[in-house]
Amino acid sequence: MDKFTNGQPGPAQRNRLIGLLETDDSPQEEKPAPSKKEERAGAGRKGEPQPLETPYQKESSDFAPKIKVNLNYRPGLVSNQKDPNRFDRERLFSAVVRGSPQALEGLLEYLRRNSKFLTNSEYTDAKTGKTCLMKALLNLKNGKNDTIPVLLEIDQKTQNPRPLVNVSCSDCFYRGQTALHIAIEKRSLEMVKLLVENGADVHARAHGEFFRKKKEGVYFYFGELPLSLAACTNQLDVVDYLLNNPHQKARLQEQDTQGNTVLHALVMIADDTEENTKFVSSTYVEILKAGVKLDPTCKLEEIVNYDGLNPLQLAAKTGKVEIFRHIIQREIQEPPYRHLSRKFTEWTYGPIHVSLYDLSSLDSFEENSVLEILAYSSDTPNRYKMVVLEPLNKLLQQKWETFASKRFYFSFASYLSFMIIFTAIAYYQPLRVKPSFPVEFTAGGFLWVSGLIIILLGGVYLIFAQSLYLRRRRQSLKTMCSDSCIEILIFIQAFSLLLSAVLYGASSENYVAVMVFSLLLGWVNTLYYTRGFQRTGIYSVMIQKTIMRDLLRFLLVYMIFLFGFAAALVTLMGDAPSVSHNKSLAPLESSGSHAMYGGLLSVSLELFKITIGMGDLDFQEHARFRYFVMLLLLLFVILTYILLLNMLIALMSETVTDISGYSKSVWKLQRAIAILEIEKAWLWRQGGKRRSGCFMSVGLNKKDERWCFRVEEIKWTDWAKDVGVLKEEPGSTNDSELNPEDTSSWRAAQRPPRAAAPEELALLQPQAPGTEMVPLHRQPREL
């Protein structure tokens, strides 16, 4: 052990301490280090740029000096003399920005002599954690920076326990971003290869705030992984290299912090524009093909994220119409990849195409299906556009024709009978002050009691059914008011009916008002059944949209005007009446005189009459400020009767014109909601779930069996194209394995084709290459 003099360590001991402690020899400014709270506030403060890499931004030096134990200390390499060839952060960053490897001469010897590494805090930006390698990648010239190979070589020779190539940013904005992410963002395949060859982690996750999806602000969510970044920026060469490089192959099944794969990421960046849809769709298919090459047994489209959504369900949930259309109508002709298709052309005749669509994740038979997402996710945009795409359009039509329409009409007839009985009971209800339940045992009394029992049971059923519906939907208040207003009104109607029954049993005369309110709501709720008919359904859609869009906003503004003018008039016309006199109007002074505005309620009523053209501009002749009162009344007429009412008419006209363009699609969406409610209604679920389509083999592999739905389409644009068909004619089919519970309905709706007779085969011979003349159904049709 070294000796100490005067209580101080000796020279040898000082050298050892200096070696064991890693000190920051960069120039320091006398500034306190910002706290995490201040850093977060500064990053999101308005008016200040985010910590993006720009040529006008200097590197931050706001950091506190750090002292760390150097576990890699080697005795004999520490010198007490000041090193004239000292490398600090400014010198290092300046060299990599200029791309000058000559400026890095002596760096390796300096690091070895001082037992330092390029990943030490003195060589990284304290605010962002950016390293010299990231700085070099951000300053590429013609896709190159000659200092990058030098930095990687130096880092390897110093035997850095924390490799420079895998160090990530540490700030909250870019946390997790590595040099590999930057190289991919710079679209440099050469740099990507260099980094991967030097051990870059191909599964590093960039999960900072800039890489997260949020409602406001600038962000770029690409799936966090380097592979997802390359795919989302349309770099298929980088994707191919990451998947097939000999050093570390990227896994297609890898998920980010939200459980999303590269396919989920492609769906997330889709924006329904033509150019974006073209590259996203092609990249999506190439990723699927790459998955077949790497692992034929892996089914990428069946991987779900942490929300339980696969890429198809995510496209439906987020309202990405074009990528959703591409996925459900994807048809690949290459034999090795034919099984990746979700659409198979069964046979064609001229412009007639009969196709088989894969129903996986589409049919409501499965949990969390696309149909359920479109029907129940009120916050999903463009639902009405997706529900009319094939095969969803024909699938819903088949469900409606086979079982839903019969049950819907039965429910409509039952509800209409219930309302007629309810109306009769309410109309012939004697208005007694003290109602009593006992009645005479006559024919009229029997009918009376029977009617009471029917409406009471109907109220119990309605409140039970609507409670199950609202519990199943679990919507927010906003979406509930916009998408389930009829269901809420039915629930209120049933509750009011049961409440009136309770009040009747308690001999309270207030039951009449509650019963009448329930009766009124009952007839209004009959509009729910208009969705079963196209003409009335479209009209109902327009009424609902007009009320929710225009009328509510008009009423809000109108109530402000009404209350303000009413309060002003009451104040000007005299003192407000006392509480005991609020129920009566002010007495008339004499014949020919006008009524005094006696209170806020009565004044509001008079002003409302003026708004609808039923009131008069009367006021007291001897009232104070009578000219000012006249001015207020005229101003109220101008603002409400002339301005607001005409604005309401114009807005309603615009809304009707706008909705008329897609009102049929909205009606089909409403009918789809009704179909799914019928499927899930506990009264109709005794026979179990229904499954649509047929179970059959598709593609070249006979073992590839799926539930498919047959759709007949007319496509004049595809007439002259060569289409690969599964069958020469619809008669050669082996897909007769149907759901036993739904055999009759399937045959009634789809009518599976039979084998052609010999005389038909003689007549229907091919007329041109690639086109087969085949019958559409069992019965020949005239085209």
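Residues numbered from 1 in each chain as written. Predicted model: local features only at pLDDT ≥ 70, side-chain atom pairs only at ≥ 80, totals over all residues. Heavy atoms only, no water.

This paragraph deals with the overall build of the chain. A count of helical and extended segments in the chain gives 27 helices and six strands. With 783 residues in all, the chain has 45% of them scored as buried. Here the contacts in the chain between residues at least 6 apart in sequence split such that 73% fall between residues at least 24 apart. (Helix = DSSP H or I, 4+ residues; strand = E, 2+ residues; numbered from the N terminus. Buried < 20%, exposed > 50% of the residue type's maximum accessible area, 1.4 Å probe, protein only. Contact = heavy atoms within 4.5 Å.)

We now examine the nonpolar core. The biggest cluster of nonpolar side chains holds 135 residues, and the ones touching the most others in it are L151, L195, L242 and F324. Considering each element in turn, this core owes the most residues, 13 residues, to helix α17 (residues 392-427). Once residues within four sequence positions are removed from consideration, L195 is found in contact with L133, L137, L152, V165, A179, L180, A183 and A200. Core analysis: the second largest hydrophobic core is formed by 19 residues, F565, L607, L632 and L644 among them. (Core = buried A, V, L, I, M, F, W, Y, C linked by side-chain atoms within 4.5 Å.)

Side chains on a regular strand alternate between the two faces of the sheet. Burial of strand β6 (residues 705-714) is extensive: seven of the 10 residues sit out of reach of the surface. Two elements, strand β4 (residues 352-358) and β6, share seven bridges in a ladder whose sense is antiparallel. When the bridges of β6 are listed, L356 appears paired with R710. Two strands pair when backbone bridges link them, and strand β5 (residues 694-697) and β6 are joined in this way by four bridges, in the antiparallel orientation. (Pairing = 2+ DSSP bridges.)

The next subject is the confidence of the model for the chain. With 71% of its residues at a pLDDT of at least 70, the chain reaches an overall mean of 76. Confidence over residues 1-49 falls short of pLDDT 50; this stretch has 59 contacts with residues more than four positions distant or in other chains. (pLDDT = per-residue confidence, 0-100.)

So, about the sheet that holds β4. Here we have four strands laid out as an open sheet, ordered β3-β4-β6-β5, and antiparallel in their pairing. Of all the strands in the sheet, just β3 (343-349) and β5 have a single pairing partner and so form its edges. Within this sheet the neighbouring strands show an average axis-to-axis angle of 40°, counted without direction. In this structure, β3 lies alongside β4, joined through six bridges in antiparallel fashion. Paired with T348 across the bridge in β4 is H353. (Axes fitted to C-alpha atoms, helices over the stretch in contact; angles between N-to-C directions.)

With respect to the helices and strands, K293 occurs in helix α12 (residues 274-294). Among the residues examined, K293 registers a relative accessible area of 64% and is labelled exposed. Between the C-alpha atoms of K293 and Y337, which are 44 residues apart in sequence, the distance is 9.7 Å.

Let us now look at the packing of aromatic side chains. Applying the stated criterion across every chain, the model contains 23 aromatic pairs. Measuring from centroid to centroid gives 5.9 Å for W400 and Y409, while their planes differ by 80°, and the two rings are edge-to-face. We classify W400 as buried; its relative accessible area is 6%. The class of Y409 is partly exposed, set by a relative accessible area of 35%. A ring pair is formed by Y415 and F418, whose centres lie 6.2 Å apart and whose planes are at 40°; its orientation type is tilted. With Y415 and F418 both in helix α17, this residue pair falls three residues apart, about one helical turn. Across this residue pair, the class does not change: Y415 and F418 are buried. Put simply, the rings of W400, F408, Y409, F412, Y415, F418, F422, Y528, Y529 and F533 touch in pairs and so form one group of aromatic residues. Residue placement shows R91 over the ring face of F87; its charged tip is 3.7 Å from the ring centre. (Phe/Tyr/Trp six-rings, centres within 6.5 Å; stacked < 30°, edge-to-face > 60°. Lys NZ or Arg CZ within 6 Å of the ring centre and 35° of its normal.)

Here we take up α17. For α17, which comprises 36 residues, the first-to-last C-alpha distance of 46 Å sits more than 12% below the rise-based estimate of 52 Å (1.5 Å per residue). The largest bend in α17 is about 60°, located at A404. (Expected span 1.5 Å × (residues − 1). Bend = angle between axes of the 7 residues up to and from the residue.)

With that settled, the discussion passes to unusual backbone geometry. In this model, E390 is joined to P391 through a cis peptide bond whose omega is 10°. Relative to the helices and strands, P391 is located in the loop between α16 (383-386) and α17. Positive phi, close to 60°, is recorded for N142, a residue that is not glycine. Of note, N142 is situated in the loop between α5 (132-137) and α6 (147-157). Even without glycine at this site, D272 takes up a positive phi of about 70°. Turning to its location among the elements, D272 is positioned in the loop between α11 (262-269) and α12.

Take empty space enclosed by the protein next. This model, assessed by the stated rule, comprises three cavities of 30 Å³ or more. Estimates place the volume of the second largest cavity at around 40 Å³. In terms of lining, the second largest cavity is formed by V387, L392, N393, L396, Q397, K668 and R671. If you list the elements that add at least two residues to the lining of the second largest cavity, you get α17 and α25 (663-680). Ranked by residue count, the leading element in the lining of the second largest cavity is α17, at four residues. (1 Å grid on protein atoms, 1.4 Å probe; cavity = no way out; pocket = protein on both sides within 12 Å on 5 of 7 lines; lining within 4 Å. Points joined across faces, edges and corners; volume = space filled by probe spheres on them.)

Glancing now at the pattern of salt bridges. Counted according to the given criterion, the structure contains 18 salt bridges. Between R710 and E346 there is a salt bridge, and its shortest N-O distance comes to 2.8 Å. On the criterion of sequence distance, the pair formed by R710 in strand β6 and E346 in strand β3 is long-range, its members being 364 residues apart. On the basis of relative accessibility, which here comes to 1%, the residue E346 falls in the buried class. Where D550 meets R553, a salt bridge forms, and the shortest distance between an N and an O atom there is 3.1 Å. (Salt bridge = Lys/Arg side-chain N within 4 Å of Asp/Glu carboxyl O.)

Attention shifts here to the packing of helix α22 (residues 534-573) against α25. Axis separation between α22 and α25 bottoms out at 9 Å; the angle between their running directions is 100°. In this view, α22 runs roughly perpendicular relative to α25, as classed from their interaxial angle. Mapping the contact onto sequence places Q534, G537, I538, V541, M542 and Q544 in α22 and S663, K664, V666, W667 and Q670 in α25. A breakdown of the residues in the contact of α22 with α25 according to their chemical character gives five nonpolar, five polar and one charged. (Parallel < 35°, antiparallel > 145°, perpendicular 65-115°, else oblique. Nonpolar A, V, L, I, M, F, W, Y, C, P; charged D, E, K, R; others polar.)

Glancing now at a nonpolar patch on the surface. There is a patch of nonpolar side chains on the surface, built from Y539, I543, I547, M548, L552 and L555 and spanning about 510 Å² of accessible area. In this fold, I543 is placed in helix α22. (Patch = residues over 30% accessible without salt bridge, like charges linked within 9 Å, V, L, I, M, F, W, Y side chains within 5 Å. Areas by Shrake-Rupley, 256 points an atom, 1.4 Å probe, with all protein chains shown as cover.)

A few words now on the packing of α22 against helix α23 (residues 600-611). Where α22 meets α23, the closest approach of the two axes is 9 Å, and the angle between their N-to-C directions is 125°. Relative to α23, the element α22 lies oblique. As α22 runs across α23, the sense of the crossing is right-handed. From α22, Y558, L562, F563, F565, A566, A567, L569 and V570 reach across to α23, where they touch L600, V603, S604, L607, F608 and T611. Residue classes in the contact of α22 with α23 are distributed as 12 nonpolar, two polar and no charged. (Left-handed = near helix turned anticlockwise from the far one by under 90°.)

So, on to helix α13 (residues 311-318). Helical geometry: 3.6 residues make up each α-helical turn, so side chains three or four residues apart lie on a common side. With seven of eight residues buried, α13 is to be regarded as a mostly interior element. Residues P311, L312, Q313, L314, A315, A316 and T318 constitute the buried set of α13. Here the buried face of α13 lies against α11, α12, α14 (321-328), α15 (370-376) and α16. Remark: G319 follows α13 within two positions and exhibits a positive phi of approximately 75°.

Looking at the element boundaries, L669 is found in helix α25. Separated by 285 residues in the primary sequence, L669 and Y384 place their C-alpha atoms 5.7 Å from one another. Excluding residues that lie within four positions of it along the chain, L669 makes contacts with L374, R383, Y384 and V387.

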